[in-house]
Amino acid sequence: MSAEPASFTRDENGVPQIVADDLEGLHWGMGYCHAMDRGLQMQVMRILGQGRAAELLDGSDEMVEVDRFFRRMNWGGGVEQEAEKLDPEARAACAAYCEGVNARFAKSTPWELKLVGVRPAAWSIGDCLLLARMTGFLTLAQSQGELERFFVEMVQAGVGDAHLEALFPGCTAGLDRAMLEKVQLVERIVPEAVKWASSAPRMMASNNWCVSGVKTASGAALLANDPHLETNRLPNVWVEQSFRWPEGYALLMTMPGLPAPLVGRNEHLSWGATYTFMDAIDSWVEDCREGKFRRGDAWVDFDRRVETIKRKKAEPVVETFWENLHGVLDGDPSEEGCFLATRWTGSSGGAQSINALMHLWNARTVPEGMVAYAQVESSFNWIFADSAGDIGYQMSGLMPTRPDDWNGFAPRPGWDQRFDWRGFVVPSLLPRVHNPKSGVVVTANQDLNHLGEADPINAPMGDYRARRIEHLLNQRDDHDVESFRRIQLDTYSIQAAEFMAILEPLLGSGPLADALRGWDCRYEVDSTGATAFELFYGALLLEMFGPGCGAPVIEHLRDATGIFIDFYQNFDRILVAESSPWLGERARDAVWSAALGRVAAQTPGPWGGGNRFTLDNMFFGGKLPRFLGFDVGPIPIRGGRATPHQGQVYHSAGRLTSFTPSLRFVADMRARELHTALCGGPSDRRFSKWYKSGVEAWLQGRLKVRKPPA
């Protein structure tokens, strides 16, 4: 490749080592290696994002529904215009990235695409922006939107204000129940087949942390990150790549299709990310008739977008989407009635984020990193550690500017212009901190509003993981890579410990009680106590919330959605409270005893016996015989919902999914290296020796050492 803008080799772990003379060359090499190692992943993601899966992959009704979702989101809309917002340096880098992708695809394309007759079009900057939008929404902003939709369903089911306020503090301020009861929901979290109880009155992750030199053995800053994403797929969502150019080096984790240094380190600065649970998605109630929506006393036409979903071996499906300033309508405005329109702040962006990320190649200090990442449009918690010993934290994301009496959680009337977005909150008001006195920064999807002037989070994930990590960090002042690695593998649950303090006096006899009595609150794969606790916890959700919502509803939410996975602490507050509207006339201990009685006779097996998954090939989805080697497993997974090593395995939207540390890395700013583990391997090619090369080390908790390219 001597005539190319970059050259590459592989290290002993198969990680591409990319060498170039300038930033454009680095991006050319990044694109070339993405197409070489993850070409199928890139192409499938683009096909999905374009809403063309039924046309190109599978013409089934299920795939049409997938296409309908992506067409509704319309993330490919306006990408050409958005590309014009790239600054000259970023545009040149993106163009070089696309040239590298296309140079590799000109040599070969994945055989799986040939199998289904797909001839990939050239990769474009617009495709990069499409994938940037997709990755910012899926399972991130999406979970907030689902929770807010679930809230509307609870209102329509007759759940009272006191119950709602206990579950979602602040949600009932300014709530118009009569308006929400009129809304016709087309997309539902709880399907109509799962009926709500009529007597309501009776009644969805990641860790990162950094410490300054005062907390380390070497006196240098340390940083760790383990993004908790869906892991039960091959290939992994992340790609490891290492870079060198005349001015420095970078040891990075990137994503196929995105020309950006997402997480990792360069010579002087390391950085990592978790999701914030910023509320960046809102809904409005639109009063509709004759294809129009009401604005004050006037009736205004919707913008009408017609999409044709082509299908393999079947007639195409024509879909009409209705849009206004509040987003896409969930319904047909030719029918008189009220429907929800929903808008996400990142739905039409991408260029601003890429412009910002270009600065990370050569950033030297924590403040430089904070300034750059503050401009990223999707919402993440970014932490930083530099070679001078500084540490810091910066939240990114476009937070809507709303009226003071609306936090964005419950829908507001679309006809009242007072509730329109008025731009976005300036990044300097978002949560941030530089060199805290404690010498420690921890983010684990918890509420961090206290670190900023704005309050972007109204439905955080529980703080159990953050509290446990902070406890472990504060136990010593001589941290090193090994101590950080142990924290990443920690399976102790503060949630379980706090629940057990209430439950233990209620334990009677039987196999479940025997497993819980004396349990150390750790979710190791051989633990029967972890299994017993989860059986009890599931029964407690049913016992506490079933009378108010209907047992079938709670069973559906528990067994087939991510609501209890993402937002469990909202429900935990109710479960442990001695007084709550959800208790009614019941005593808490009576509810807990009844829940225990539901499962007392069950004999729990080891946690890893049930908490396991198979790494399914993303293209074939577990449909091929196991002996062909496309799938790996099943493998037992340590950890639970509230442990630093998260180990959530559950069903959502009809398929098995997971929250586990898809990637682990530790950066010691004293040394020129990065310690990493990836569940998978560098390549998505089944017959490559790098297809699953990292799985065993990931399972065992080992970290490999990555050094700068020679």
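Worth saying up front: this structure is predicted, and the values here are computed from it rather than measured.

*Asks:* Would you take a moment to explain the overall build of the protein chain for this structure?
*Replies:* Across its full length, the protein chain carries 22 helices and 28 strands. Over its C-alpha trace the protein chain gives a radius of gyration of 25 Å, about what one expects of a compact globule, namely 27 Å for 710 residues. Over its C-alpha atoms, taken along the principal directions, the protein chain stretches across nearly 75 × 65 × 55 Å. Looking at the protein chain as a whole, 62% of its 710 residues are labelled buried. For the protein chain, the accessible surface area stands at approximately 26000 Å², while carbon and sulfur atoms represent 51% of it. Taking the 72 positively charged and 90 negatively charged side chains of the protein chain as two groups, their mean positions are separated by 5 Å.

*Asks:* Please explain the side chain of Lys 704 as it appears in this structure.
*Replies:* Following the sequence through the fold, Lys 704 ends up in strand S28 (residues 704-706). A polar contact is formed between the side chain of Lys 704 and the side chain of Glu 240, at a distance of 2.8 Å. Apart from residues lying up to four places away in sequence, Lys 704 is in contact with Asn 13, Val 15, Glu 240, Leu 674, His 675, Thr 676, Ala 677 and Leu 678.

*Asks:* Where do I start with the state of the cysteines in this structure?
*Replies:* Working definition: the covalent bond between the sulfur atoms of two cysteines is a disulfide. Using the criterion set out here, one finds zero disulfides in the structure. We note that Cys 338 lacks a disulfide partner, and the nearest cysteine sulfur, in Cys 288, lies 7.3 Å from it.

*Asks:* Would you mind showing me how to read the packing of aromatic side chains here?
*Replies:* Any aromatic ring pair is given by two values, namely how distant the centres are and how the planes are angled relative to each other. Under the defined criterion, the tally for this structure stands at 40 aromatic pairs. Seen in terms of ring centroids, Trp 28 and Tyr 32 are 5.2 Å apart; in terms of plane orientation they differ by 20°. Their pairing is stacked. On the criterion of helical spacing, the pair formed by Trp 28 and Tyr 32 is a turn pair, its members being four residues apart in helix H1 (residues 23-49). Pair check on accessibility: Trp 28 and Tyr 32 agree, each one buried. Where Tyr 464 meets Tyr 568, the ring centres are 5.9 Å apart and the plane angle is 10°; that geometry is what we call stacked. Separated by 104 residues along the polypeptide, Tyr 464 in helix H12 (residues 464-474) and Tyr 568 in helix H19 (residues 568-576) bring together distant segments of the chain. Across this residue pair, the class does not change: Tyr 464 and Tyr 568 are buried. Over the aromatic face of Trp 299 sits the side chain of Arg 289, whose NZ or CZ is 4.1 Å from the ring centroid.

*Asks:* What is the right way to look at a negative patch on the surface in this model?
*Replies:* A contiguous patch of negative charge on the surface is contributed by Asp 21, Asp 22, Glu 24, Glu 89, Glu 99 and Glu 247. By secondary structure assignment, the location of Glu 247 is in the loop between strand S6 (239-245) and strand S7 (248-254).

*Asks:* Hey, could you run me through helix H5 (residues 88-107) in this one?
*Replies:* Given 3.6 residues per turn, any residue in an α-helix points the same way as the ones three and four places further on. Helix length check: H5, at 20 residues, gives a terminal C-alpha distance of 29 Å against a target of 28 Å (1.5 Å per residue), a fit within 8%. Ala 90, Ala 93, Cys 94, Ala 96, Tyr 97, Cys 98, Gly 100, Val 101 and Phe 105 are the residues of H5 that are buried.

*Asks:* Explain the nonpolar core here, please?
*Replies:* The nonpolar side chains of a soluble globular protein tend to be buried with one another. Within the largest apolar cluster, 167 residues are counted, with the highest numbers of intra-cluster contacts made by Phe 151, Trp 361 and Phe 545. The greatest single-element share of this core, amounting to 13 residues, is contributed by helix H7 (residues 125-156). With residues near it in sequence (within four places) discarded, Trp 361 still touches Leu 23, Leu 26, His 27, Met 30, Phe 243, Trp 245, Ala 250, Leu 252, Pro 261 and Asn 266. Counting residues in hydrophobic clusters, the runner-up holds 44 residues, among them Ala 54, Met 63, Leu 473 and Ile 635.

*Asks:* When you look at the sheet that holds S6 in this model, what are you seeing that I'm missing?
*Replies:* Backbone-to-backbone hydrogen bonds join strands into a sheet, with any given pair of strands oriented parallel or antiparallel. Ordered in space as S1-S2-S6-S7-S8-S9-S17-S18-S20, the nine strands form an open sheet in which the pairing is mixed. Each of the sheet's edge strands pairs with one partner strand only, and the pair in question is strand S1 (6-10) and strand S20 (432-434). The average angle at which neighbouring strand axes cross in this sheet is 15°, direction not considered. Sheet analysis places strand S18 (residues 391-395) next to S20, joined by three bridges and oriented antiparallel. Its bridge partner lying in S20, Gln 394 is registered against Arg 432.

*Asks:* When you look at the sheet that holds strand S5 (residues 233-234) in this model, what are you seeing that I'm missing?
*Replies:* Taken in spatial order, the three strands line up as S5-S22-S23 in an open sheet, and their pairing is mixed. The sheet is open, and its two edges are formed by S5 and strand S23 (632-636), each paired on a single side. Pairing of S5 with strand S22 (residues 612-617), which is carried by two bridges, proceeds in the parallel orientation. When the sheet's bridge partners are listed, Arg 233 is paired in S22 with Asp 616.

*Asks:* Looking at this model, I keep getting lost on the pairing of S1. Mind explaining?
*Replies:* Along any regular strand, the residues point their side chains to alternate faces of the sheet. Inspection of the sheet shows S1 paired to strand S2 (residues 16-20) by five bridges, in the antiparallel sense. When the bridges of S2 are listed, Thr 9 appears paired with Gln 17. Hairpin geometry of S1 and S2 is characterised by an intervening segment of five residues between the two adjacent antiparallel strands and by a positive phi of about 85° at Gly 14.

*Asks:* Could you clarify how one ought to interpret a nonpolar patch on the surface in this entry?
*Replies:* Taken together, Trp 111, Leu 115 and Phe 687 make up a surface patch of nonpolar side chains, about 360 Å² in accessible area. Along the chain, the position of Leu 115 falls in helix H6 (residues 111-115). For Leu 115, a relative accessible area of 57% gives the class exposed.

*Asks:* What is the right way to look at the packing of helix H16 (residues 528-549) against H19 in this model?
*Replies:* In a pair of packed helices, the angle between the axes and the distance between the axes together describe the arrangement. At a minimum axis distance of 11 Å, the contact between H16 and H19 shows a crossing angle of 70°. As the angle between them shows, H16 and H19 are arranged roughly perpendicular. Note that H16 runs across H19; the crossing there is left-handed. Within the contact between the two elements, H16 uses Tyr 537, Leu 540, Leu 541, Met 544 and Phe 545 and H19 uses Tyr 568, Phe 571, Asp 572, Ile 574 and Leu 575.

*Asks:* Sorry if this is basic, but what is going on with unusual backbone geometry here?
*Replies:* Only a minority of non-glycine residues have a phi that is not negative, and only a minority of peptide bonds are not trans. Cis geometry marks the peptide bond from Leu 234 to Pro 235, where omega comes out at 5°. Within the secondary structure layout, Pro 235 lies in the loop between S5 and S6. Here the amide bond leading from Gly 633 into Pro 634 is cis, since omega sits at 10°, within 30 degrees of zero. Here Pro 634 is to be found in strand S23.

*Asks:* Before we go on, may I ask you to explain the packing of H12 against helix H14 (residues 494-503) in this structure?
*Replies:* Across the interface, H12 lies against H14 with an axial gap of 8 Å and an inter-helix angle of 105°. Our classification of the angle between H12 and H14 gives roughly perpendicular. Contacts between H12 and H14 pair Tyr 464, Arg 467 and Arg 468 from the former with Ile 494, Gln 495, Glu 498 and Phe 499 from the latter. Looking at the contact of H12 with H14 residue by residue, the class counts come to three nonpolar, one polar and three charged.

*Asks:* I keep staring at the confidence of the model for the protein chain and nothing clicks. Help me out?
*Replies:* As a note on interpretation, predicted positions should not be read in detail where pLDDT is low. Model confidence for the protein chain is summarised by a mean pLDDT of 91, while 96% of its residues fall at 70 or above. Between residues 192-204, whose pLDDT stays under 50, and residues either more than four places distant or in other chains, the model counts 41 contacts.

*Asks:* Would you mind showing me how to read the pattern of salt bridges here?
*Replies:* Close approach of charged atoms allows side chains of opposite charge to pair. If you walk through the whole model with that rule in mind, you get 41 salt bridges. Between Arg 517 and Asp 514 there is a salt bridge, with its nearest N and O atoms 3.4 Å apart. Judged by its relative accessible area of 39%, Arg 517 is partly exposed. Given the relative accessible area of 48%, Asp 514 is considered partly exposed.

*Asks:* Help me understand the environment of Asp 416, please; the structure alone is not making it clear to me.
*Replies:* Examined against the element boundaries, Asp 416 turns out to sit in the loop between strand S19 (412-413) and S20. Asp 416 sits in the partly exposed class, given a relative accessible area of 28%. Taking the C-alpha atoms as reference points, Asp 416 and Asp 297, 119 residues apart in sequence, are found 9.8 Å from one another.

What counts and what doesn't
- Residues numbered from 1 in each chain as written.
- Predicted model: local features only at pLDDT ≥ 70, side-chain atom pairs only at ≥ 80, totals over all residues.
- Heavy atoms only, no water.
- Helix = DSSP H or I, 4+ residues; strand = E, 2+ residues; numbered from the N terminus.
- Rg over C-alpha atoms; globule rule 2.2 N^0.38 Å.
- Buried < 20%, exposed > 50% of the residue type's maximum accessible area, 1.4 Å probe, protein only.
- Areas by Shrake-Rupley, 256 points an atom, 1.4 Å probe, with all protein chains shown as cover.
- Lys, Arg positive; Asp, Glu negative; His and termini not counted.
- Charge placed at Lys NZ, Arg CZ, Asp CG, Glu CD.
- Polar contact = N/O pair within 3.5 Å; in protein donor to acceptor, adjacent residues only side chain to side chain.
- Contact = heavy atoms within 4.5 Å.
- Disulfide = S-S within 2.5 Å.
- Phe/Tyr/Trp six-rings, centres within 6.5 Å; stacked < 30°, edge-to-face > 60°.
- Lys NZ or Arg CZ within 6 Å of the ring centre and 35° of its normal.
- Patch = residues over 30% accessible without salt bridge, like charges linked within 9 Å, V, L, I, M, F, W, Y side chains within 5 Å.
- Salt bridge = Lys/Arg side-chain N within 4 Å of Asp/Glu carboxyl O.
- Expected span 1.5 Å × (residues − 1).
- Core = buried A, V, L, I, M, F, W, Y, C linked by side-chain atoms within 4.5 Å.
- Pairing = 2+ DSSP bridges.
- Axes fitted to C-alpha atoms, helices over the stretch in contact; angles between N-to-C directions.
- Parallel < 35°, antiparallel > 145°, perpendicular 65-115°, else oblique.
- Left-handed = near helix turned anticlockwise from the far one by under 90°.
- Nonpolar A, V, L, I, M, F, W, Y, C, P; charged D, E, K, R; others polar.
- pLDDT = per-residue confidence, 0-100.

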